[in-house]
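# Fold and contact review
Residues per chain are reported as follows:
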Amino acid sequence: MPAPRPAPTVATPRVMGPTAGAFYLAGGGSALAVVLGSPFPSASAQAQLGALATTALLAGAALLLRGHLLPRWAFHVVVALGTALITLAVPHCPSIATALAISTVYLFVAVDVVFFFTWRQSLAHLTALAAAAAGVLGDRPGMTPGVAVALGAVLVVVSTVVGILVQRASSAGRDSLTGLANRRGFDDALDGALAVAERTGAPLSAALLDVDHFKRVNDRSGHAAGDDLLRAVGEECRRALPPGAVLARYGGDEFAVLLPGATGPAALEAVERLRTAGSRAGLSCGVAELLPGESGADLMRRADSALYAAKAAGRGRARLADDASAVLARDLADALAAGDVRAWFQPIVDLADGAVVGVEALARWTHPVRGQVPPLEFVHAAETTGLVRELGQAVLADACRGALAVRRAWDRDLVLTVNVSGRELACRDYPERVLEVLAETGFPAASLVLEVTESVVDASGQAALTALRALRAHGIGVAIDDFGTGYSAFSRLDTLPADYLKLDAVFTADITTSPRRAGMLEALLSLSDALGLRVVAEGVETPEQARLLTGMGCPLAQGWLFSRPVPPHELAARVPGQPAGRAAAPREHQRTGAA
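These lines cover the structure that appears in this document, whether it is placed above or below. These numbers were taken from a predicted model, which means no experiment stands behind them.

Okay, the overall build of the protein next. Looking only at helices and strands, the protein has 23 helices and 14 strands in total. In the protein, which comprises 595 residues, the proportion classed as buried is 50%. For the protein, restricting intrachain contacts to residue pairs at least 6 apart in sequence, the fraction spanning at least 24 positions comes to 71%. As displayed, the protein offers around 25800 Å² of accessible surface, 58% of which is attributable to carbon and sulfur atoms.

This paragraph deals with the packing of helix 5 (residues 106-116) against helix 6 (residues 119-138). Between helix 5 and helix 6, whose axes approach to 9 Å, the crossing angle comes to 170°. Considering the angle they form, helix 5 stands roughly antiparallel to helix 6. With respect to the hand of their crossing, helix 5 and helix 6 are arranged in right-handed fashion. In this structure, helix 5 contributes Tyr106, Val109, Ala110, Val113 and Val114 to the contact, and helix 6 contributes Trp119, Ser122, His125, Leu126, Leu129, Ala132, Ala133 and Val136. Among the residues forming the contact of helix 5 with helix 6, the class breakdown is 11 nonpolar, two polar and no charged.

Turning our eyes to something else, we now look at the pairing of strand 4 (residues 283-289). With seven of seven residues buried, strand 4 lies mostly within the body of the structure. Covered by surrounding structure in strand 4 are Leu283, Cys285, Val287 and Glu289 together with Ser284, Gly286 and Ala288, the residues of both alternating faces. Where strand 4 lies against strand 5 (residues 318-320), three bridges are found, and the strand directions are parallel. Bridge pairing in strand 5 places cysteine 285 opposite alanine 318. With helix 12 (residues 296-312) bridging strand 4 and the parallel strand 5, this β-α-β connection has left-handed handedness.

In an α-helix there are 3.6 residues to a turn, and that puts residues three or four apart on one side. For helix 14 (residues 375-385), the complete set of buried residues consists of Pro375, Phe378, Val379, Ala381, Ala382, Thr384 and Thr385. Looking one or two residues past helix 14, glycine 386 carries a phi angle of roughly 85°, positive in sign.

Among the five residues that make up strand 10 (residues 448-452), five are buried, leaving the element largely enclosed by the rest of the structure. Taking every second residue as pointing to the same face, both faces of strand 10 are buried, with Leu448, Leu450 and Val452 on one and Val449 and Glu451 on the other. As paired strands, strand 9 (residues 415-419) and strand 10 are joined by four bridges and run parallel to one another. From the neighbouring strand, leucine 416 faces strand 10, where its bridge partner is leucine 448.

Our focus in this paragraph is the nonpolar core. Core analysis: the biggest nonpolar cluster contains 80 residues, and Phe345, Phe378, Leu416 and Leu448 have the highest contact counts within it. For this core, the leading source of residues is helix 15 (residues 388-410), giving 11 residues. In contact with leucine 448, not counting residues within four places along its chain, are Leu396, Leu416, Val418, Val434, Leu438, Phe443, Ile476 and Gly477. Counting 45 residues, the second-largest nonpolar core is a separate cluster that includes Tyr24, Ile102, Phe117 and Met143.

This brings us to the pattern of salt bridges. Following the criterion strictly, the structure yields 21 salt bridges and no others. Across the pair arginine 275 and glutamate 272 runs a salt bridge whose closest N-O atoms are separated by 2.4 Å. Linking arginine 275 with glutamate 272, this pair stays in helix 11 (residues 264-277), spanning three residues, or about one helical turn. By relative accessible area, which is 17% here, arginine 275 ends up buried. A salt bridge links arginine 472 to aspartate 499, with the nearest nitrogen and oxygen atoms 2.8 Å apart. Taken as a pair, arginine 472 in helix 19 (residues 462-472) and aspartate 499 in the loop between strand 11 (477-483) and strand 12 (500-503) lie far apart in primary sequence, 27 residues in all.

A few words on a nonpolar patch on the surface. Together, Val157, Val161 and Leu165 give the surface a local cluster of nonpolar side chains, amounting to about 270 Å² of exposed area. Position of leucine 165 relative to the elements: it lies in helix 7 (residues 145-171). Judged by relative accessible area, leucine 165 falls into the exposed class, the value being 53%.

Okay, the environment of arginine 216 next. Note on placement: arginine 216 falls in helix 9 (residues 214-221). C-alpha separation for the pair arginine 216 and glycine 226, spaced 10 residues apart in sequence, amounts to 9.1 Å.

So, about the sheet that holds strand 2 (residues 246-251). Read across the open sheet, the five strands follow the order 2-3-1-4-5; overall the sheet is mixed. Only two strands of the sheet have a single neighbouring strand rather than two, namely strand 2 and strand 5. With strand direction ignored, the average angle separating the axes of adjacent strands in the sheet is 20°. Two elements, strand 1 (residues 204-211) and strand 3 (residues 254-260), share seven bridges in a ladder whose sense is antiparallel. Within strand 3, the position partnered with serine 205 by the bridge is leucine 259. Across the sheet, helix 11 lies against strand 1, strand 3, strand 4 and strand 5, angled at about 165° from strand 4, the strand it touches most.

What follows is about empty space enclosed by the protein. Counted according to the given criterion, the structure contains three cavities of 30 Å³ or more. The computed volume of the largest cavity comes to approximately 240 Å³. Residue lining of the largest cavity: 21 residues in total, with Gly27, Gly82, Leu85, Ile86 and Val105 positioned closest to the centre. Looking at the lining of the largest cavity, the elements that each hand over two or more residues are helix 1 (13-37), helix 2 (43-66), helix 3 (74-89) and helix 5.

Calculation criteria
- Residues numbered from 1 in each chain as written.
- Predicted model: local features only at pLDDT ≥ 70, side-chain atom pairs only at ≥ 80, totals over all residues.
- Heavy atoms only, no water.
- Helix = DSSP H or I, 4+ residues; strand = E, 2+ residues; numbered from the N terminus.
- Buried < 20%, exposed > 50% of the residue type's maximum accessible area, 1.4 Å probe, protein only.
- Contact = heavy atoms within 4.5 Å.
- Areas by Shrake-Rupley, 256 points an atom, 1.4 Å probe, with all protein chains shown as cover.
- Axes fitted to C-alpha atoms, helices over the stretch in contact; angles between N-to-C directions.
- Parallel < 35°, antiparallel > 145°, perpendicular 65-115°, else oblique.
- Left-handed = near helix turned anticlockwise from the far one by under 90°.
- Nonpolar A, V, L, I, M, F, W, Y, C, P; charged D, E, K, R; others polar.
- Pairing = 2+ DSSP bridges.
- Right-handed = clockwise from strand over helix to strand, strands pointing away.
- Core = buried A, V, L, I, M, F, W, Y, C linked by side-chain atoms within 4.5 Å.
- Salt bridge = Lys/Arg side-chain N within 4 Å of Asp/Glu carboxyl O.
- Patch = residues over 30% accessible without salt bridge, like charges linked within 9 Å, V, L, I, M, F, W, Y side chains within 5 Å.
- 1 Å grid on protein atoms, 1.4 Å probe; cavity = no way out; pocket = protein on both sides within 12 Å on 5 of 7 lines; lining within 4 Å.
- Points joined across faces, edges and corners; volume = space filled by probe spheres on them.

By themselves these figures say nothing about function.
Have a look at this one:
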């Protein structure tokens, strides 16, 4: 036998159950064929073999349907029972030929053994199987020793070859650099843990860990140093994890941890201990606990969103996924599939003549029970559960279709602006997906503007800048949104790939009461003009604000003074430039785009 090895990583209960079930059905079917197609010396022998065949068939059906719920140890019983059924069936066969035919079913057991268990456990089962086969065939009148030896040789060869193949298949679940499980191995472990959680109701949590600033190590010290760092981090994490946890290199500089039996807070505590125990590199971590009815992909998507939140908050910390958002996200996923999340439009006007020159798309969702869900609430749910990609794409497509309808109704060009999430920008295929939407809807790239904030670009890093530059190369515009608050800095205006600058509503609100704010605005308008940026003032709610902005030379504006957000068909029905009418009282401005 080859050197001892652990149980194959490919042999999870989800695989073991159907495999054993199929072999049971094949063995039971073979015995049933003997019962129905061979003459028996006695009705008793025929009935007993028929009962054994029926038992095997019923056991096979049960394993196919529910075998994935069995714990791993239970398959020792399954294999031993298969050996026993064959050993009991052979003496009842009416001839040497039928006895040999049923004896070949031992091969099924041998395959199961080397597939399911460690070499040591396999050897114990195979020894018992060989002893049973030798005993039952040796007692058979007319059976020569050569036949028993030949059957034994076949069992040894088949079990050895299958065992080696399984070992090689299992090595595909290992990361060659760190010796940890790789993504395939982790997914297999996750499948098994999900089956246990489903059967027992025990909690299950998962975490994703990212090495902070790993790219700098590769750039400054070379890939060999990066590999050394990954091996060291993997070993530190392995030593710090509690028993029963599964650690994997998930890809690149990202590690994944599976924590069976741990609630979300307990998993967060374990991961925090792991993060602070590391000495070779800083780690950002995202943790999520399995929710009822959730799939493994859903769990890992929420852990990934929590990891992104940790990195966006400054790295070097751990975050627990928001379970309340996950519950809302389930309804949101259904709404996206049904096309119930729509893009409404708020017009953007030219302050010089009041003409509508563009629209900003704002996501709206009416829940069948809760009614109108605040955009900030469902956008947050999408971002924390990994649905923001689907949400962003759905809103972009709906906005393109709606803007085309307005353009046709008015017989004029309109610019469409759509908010973009940092999670979308971080996806390598984001530019391709935007271009696909434009191709599908027929909306012109030159009339689309994607709105991003400085904080989003900073959190998403080089990937965001690369995506924005790629999209601008196709004629798509970029707007820096919410400028004037938070991370805003004049020094960034010459480095960010942008065509528009959107002043935050909070900044606009004070220009009529604060001379210093008005002076800052004049300076910003002058600087933007020099840099070739068109300025859009958001949150314009009073005629005084509009007059002051016009006098300062601000070209574009939007806000409730001109129109509240409305469905595309309602905007299309208006005469171009006709106001929507103001609300009874202005309400606080909020950013309610797709992301």
